[in-house]
Protein chains: 2
Amino acid sequence: MAYNQVTPEFVEELKKICGTRVITGADINPDYSHDEMPIYGSKMPDVTIDVQSTEEIAAVMKACYENNIPVTVRGAGTGLVGGCTPVCGGVVICTMKMKNIIEYDFDNLVVRVQPGVLLNDLAQDALTHGLMYCPDPGEKFATLGGNVSTNAGGMRAVKYGSTRDYVRAMTVVLPTGEVVKLGAPVSKTSSGYSLINLLIGSEGTLGVITEITLKLIPAPKCTASLVVPYENLVDAIKTVPLFKKNHMNPQALEFFERPILISSEEFLGKAVFPRTVEGVECGAYLLVTFDANNEDELAAYLEEGVNLVLEAGALDVLVADTPAKIKDAWAARSAFLEGIEEQVEYYDECDVVVPVTKVAEFTLYCEQIAADYQFELKMFGHAGDGNLHIYATTGHKGANDAMPMGEFEDQVDDFMTKLYAKTTELDGQISGEHAIGYGKVKYLMDNVGPVNIRLQQEIKKVFDPKLILNPGKVCYKL
Amino acid sequence: MAYNQVTPEFVEELKKICGTRVITGADINPDYSHDEMPIYGSKMPDVTIDVQSTEEIAAVMKACYENNIPVTVRGAGTGLVGGCTPVCGGVVICTMKMKNIIEYDFDNLVVRVQPGVLLNDLAQDALTHGLMYCPDPGEKFATLGGNVSTNAGGMRAVKYGSTRDYVRAMTVVLPTGEVVKLGAPVSKTSSGYSLINLLIGSEGTLGVITEITLKLIPAPKCTASLVVPYENLVDAIKTVPLFKKNHMNPQALEFFERPILISSEEFLGKAVFPRTVEGVECGAYLLVTFDANNEDELAAYLEEGVNLVLEAGALDVLVADTPAKIKDAWAARSAFLEGIEEQVEYYDECDVVVPVTKVAEFTLYCEQIAADYQFELKMFGHAGDGNLHIYATTGHKGANDAMPMGEFEDQVDDFMTKLYAKTTELDGQISGEHAIGYGKVKYLMDNVGPVNIRLQQEIKKVFDPKLILNPGKVCYKL
């Protein structure tokens, strides 16, 4: 796209709207040039603005629209697909200062928030009122605006659904600077095309979300977890559909393989999970959490759950039914990504989602083809959703034993292309929860095909006729 | 829109695709000219085709696209907003012959169906496998294609959500005749713009849904209901938020007022609900159903529910905990619409959704302004969702005591305009579950405003550049 350059006159125009929060040149925080996966691109913007209100954003967007300047919106920058990287430069709008929890409605069980509220802050605050914000992505310090923009999933999606299921209404600034309200604080609607569902998961490419109304539920009164080692992942995955079939609806149902557990426990310096059971090496694990509204109900779930996994071939089962034990059981799982970041030199990841019953087939395929490459493989994921996180890594941090970056990128690209083709073959989709961003556009195009992509591109033009908002993302290659 | 006329040559072209199922002129079934609300228009199409496959529909759409002929898709024709009325004539495609339940996947808990499968048929068939298809609209003999197209709600939406929440994937024929698959049989995804959510609730204006993959759940093992009379609706509505707040999550939570109950019980010839309690006349009722996976859990819900409603001001509470009693308790509620259809000469209805806490305010407003008109008012709805069904009726069927149709239409239009303005004031939306169709386009436009409508109209053009598919509906006035 042929955008205009940011001129000193244009910067002055922005300063009339946002004053000293308009930052340019060497004063720009380099963090604003990328998200947590700089492997998917990094580029310094010309201007950054920590915006404070819908009105400000509308005025900034209008100025950028009139001057044909690209705009990229970011929250906490915790994305994993290069979604907030300003790949065409221009203006970066950061919503982190818009962090007010505006108002709870305790009867209709909704809360209005600004987009820069952190997931963790809302989750904790809601709990003080006895309420739960159900989506629980691994990254607790993402903004809610970012969560909505990526339709973030997380641990509890298997029972409670993804972020999409909790968005009731939003205020959006369109690329033209027009402000539109979508949805309503009601629990059902059949009132025209669901524009709000189009905005959810659109990764900041269709409009800037400036206020969100989210659904809450009364917090379950108690939880407990099962730690379940298996000889191999095939056995573990076979168990997964049995929970729902038997009327157990776990809040979380995670799987992981031995290598990622060991490296995570090494990272934490604490080992909780059994490594062998009666001489048999544990190759894979399920981590299951139940919630309930009273102790009797919870005890019944645990008893049935224990029987179910043992009958289905688990090597053993450990019950974590005190806060300390639950914390221990989840510590290793929660540290997977952080552990990888701290321990390896380079990594890339894939976040595909396949039918629950295809998880083992997919991971076996991964292991099989990974043998042709020099990188290491680490696999875990949301078993109950069929959502896998597959990490290809090389080298130990600082040990100078990684393959060269260019070589790693080539190998990974080849590997990932095969993985995504397998995903398509298994009726899966490119991303379960991290979204498409900049890094996965070509894989999305292959997965959904040209007619679907054409519709997406034309919808993009409906909202953003000059293609100035977050260019190069989701359905448009630069 | 300037469409072409259907010519004998064009009919021959259609017959090459669908043979003798292409019907024209006087042979056309007049049912195909309207839905269950002919008050919103009735028009004979030029051609009807009972289609049998995706391929046929694609070929028909391609022919209509090339010849600029309008096409309207219908299922069972049970809609309530004129959504399947072929207001511009042309071709009507009926999907009722596409009634195969194609395949269950008992591990991933999904089922693939053709769009002409009746809700009742899937619901019954799923139960034989121990599974529940959660959406439960009042009209059991609608097609699933129609349910998806209107994002149908129903009794169980308060606990389980609307049809939208159960659609995993679909095959769609675009107005151009191109075939596209949307979604996947997976439980979460963040893979580009959610075109599937755009199609859901789009009332056959963006594409023809030719196959659907739906989510199922293991059927709850037991249910029971509470019949709860109140002195007035304000008292009844005050109770509604308390269920969820107290960790009771009823499967259904309905309200109705005395007049609709009395006429429904008269229609059925059987009275179950108390009319007075200890000398106090019952002005309104809640009907609450709990489901559970064992009798203990259910008994606990019932006990807590009884205590809750009595403390909150109910006049009495009746427990319906046997199949016969539950059937009796629901018979009157289920017959509301049928009763109205059989008993009155003319009627119109509104299906707004407002925040749960605003239901009483809205109904009081309705009663207050209805005093200015000569029609009768009957009100009921899904209290747990804030979704109201408000019927304006005139005359007793066949008694020749109704006001003239034109006069009724004028009065109702004036009344409804005020109701929809109040809906907007209360942060509500035009339709909770019946959708917009032909009858409510102008109210939608007022409710969501010009920017939103412009986006909807431009999205319509992305899918349907010649505006041939179901013209005059949702966001486009003729």
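Quick look at the structure, then. Keep in mind that this is a model prediction, so the values were computed, not measured. (Residues numbered from 1 in each chain as written. Chains lettered and ligands numbered in written order. Predicted model: local features only at pLDDT ≥ 70, side-chain atom pairs only at ≥ 80, totals over all residues. Heavy atoms only, no water.)

## A word on the sheet that holds strand E12 (residues 222-230) of chain B
All names here are of chain B.
Next up, step 1: Read across the sheet, 7 strands follow the order E17-E12-E16-E13-E19-E20-E18 without closing on themselves; strand pairing throughout is antiparallel. At either end of the open sheet lies a strand with only one pairing partner, and these are strand E17 (318-320) and strand E18 (344-350). Direction aside, neighbouring strands of the sheet carry axes that sit 20 degrees apart on average.
Next up, step 2: In terms of strand pairing, E12 meets E17 through 3 bridges, oriented antiparallel. Looking across to E17, one finds that serine 225 is bridged to alanine 320.
Next up, step 3: Packed on one face of the sheet, helix H10 (residues 323-334) meets E12, strand E13 (252-257), strand E16 (284-292), E17 and strand E19 (376-382) and runs near 55 degrees to E12. (Pairing = 2+ DSSP bridges. Helix = DSSP H or I, 4+ residues; strand = E, 2+ residues; numbered from the N terminus. Axes fitted to C-alpha atoms, helices over the stretch in contact; angles between N-to-C directions. Contact = heavy atoms within 4.5 Å.)

## Observations concerning the sheet that holds strand E13 (residues 252-257) of chain A
Residue and element names in this part refer to chain A.
Next up, step 1: Strand order in the open sheet formed by 7 strands is E17-E12-E16-E13-E19-E20-E18, with antiparallel pairing between adjacent strands. Among the strands making up the open sheet, the edge pair consists of strand E17 (318-320) and strand E18 (344-350). On average, each strand axis in the sheet is tilted by 20 degrees relative to the strand beside it, whichever way the strands run.
Next up, step 2: Alignment of E13 against strand E19 (residues 376-382), held across 2 bridges, turns out to be antiparallel. Among the inter-strand pairings, phenylalanine 255 is bridged to a residue of E19, identified as glycine 381.

## Some details on helix H9 (residues 295-311) of chain B
Residues and elements named next belong to chain B.
Next up, step 1: A rise of 1.5 Å per residue sets the reference length of H9, with its 17 residues, at 24 Å; its end C-alpha atoms lie 24 Å apart and thus fit the reference within 8%.
Next up, step 2: All of the buried residues along H9 are Leu298, Tyr301, Leu302, Gly305, Val306, Leu308 and Val309. Down the axis of H9, the sector holding all buried residues measures 165 degrees, keeping them to one side. Within H9, the exposed residues directed more than 90 degrees away from the buried face are Asp296, Glu303 and Glu311.
Next up, step 3: The secondary structure elements touched by the buried residues of H9 are E12, helix H7 (233-245), E16 and E17.
Next up, step 4: Measuring from the backbone nitrogen of aspartate 296 back to the side-chain oxygen at the start of H9 gives 3.2 Å, which picks out asparagine 294 as the cap. (Expected span 1.5 Å × (residues − 1). Buried < 20%, exposed > 50% of the residue type's maximum accessible area, 1.4 Å probe, protein only. Arc of directions from axis to C-beta. Polar contact = N/O pair within 3.5 Å; in protein donor to acceptor, adjacent residues only side chain to side chain.)

## Regarding the interface of chain A and chain B
Next up, step 1: At the interface, 76 residues of chain A touch 76 residues of chain B.
Next up, step 2: Interface area, chain A with chain B, both sides summed: about 6,100 Å², of which 57% is carbon and sulfur.
Next up, step 3: The largest share of the area that chain A buries against chain B comes from Lys188(A), Tyr193(A) and His247(A), three residues that together contribute 16% of it.
Next up, step 4: Taken together, chain A and chain B are joined by 8 salt bridges.
Next up, step 5: Counting every contact that joins chain A to chain B gives 36 residue pairs in polar contact (both at pLDDT 80 or more). (Buried area = accessible area lost by both parts, 1.4 Å probe. Salt bridge = Lys/Arg side-chain N within 4 Å of Asp/Glu carboxyl O.)

## Focus: the environment of Thr394(B)
All names here are of chain B.
Next up, step 1: Here threonine 394 shows up in strand E20 (residues 387-396).
Next up, step 2: Measuring from C-alpha to C-alpha, the distance between threonine 394 and alanine 435 comes to 24 Å, with 41 residues separating the pair along the chain.
Next up, step 3: Those residues within four positions of threonine 394 in sequence are excluded, and the remaining contacts are Val344, Glu345, Tyr346, Ala402, Met403 and Phe408.

## Let's talk about the nonpolar core
Next up, step 1: Counting 264 residues, the largest nonpolar core has Leu286(A), Phe463(A), Leu286(B) and Phe463(B) as its most contacted members.
Next up, step 2: If we skip the residues at most four places from it in the chain, Phe463(B) touches Leu455(A), Ile459(A), Leu174(B), Pro175(B), Leu195(B), Leu198(B), Leu199(B) and Leu206(B). (Core = buried A, V, L, I, M, F, W, Y, C linked by side-chain atoms within 4.5 Å.)

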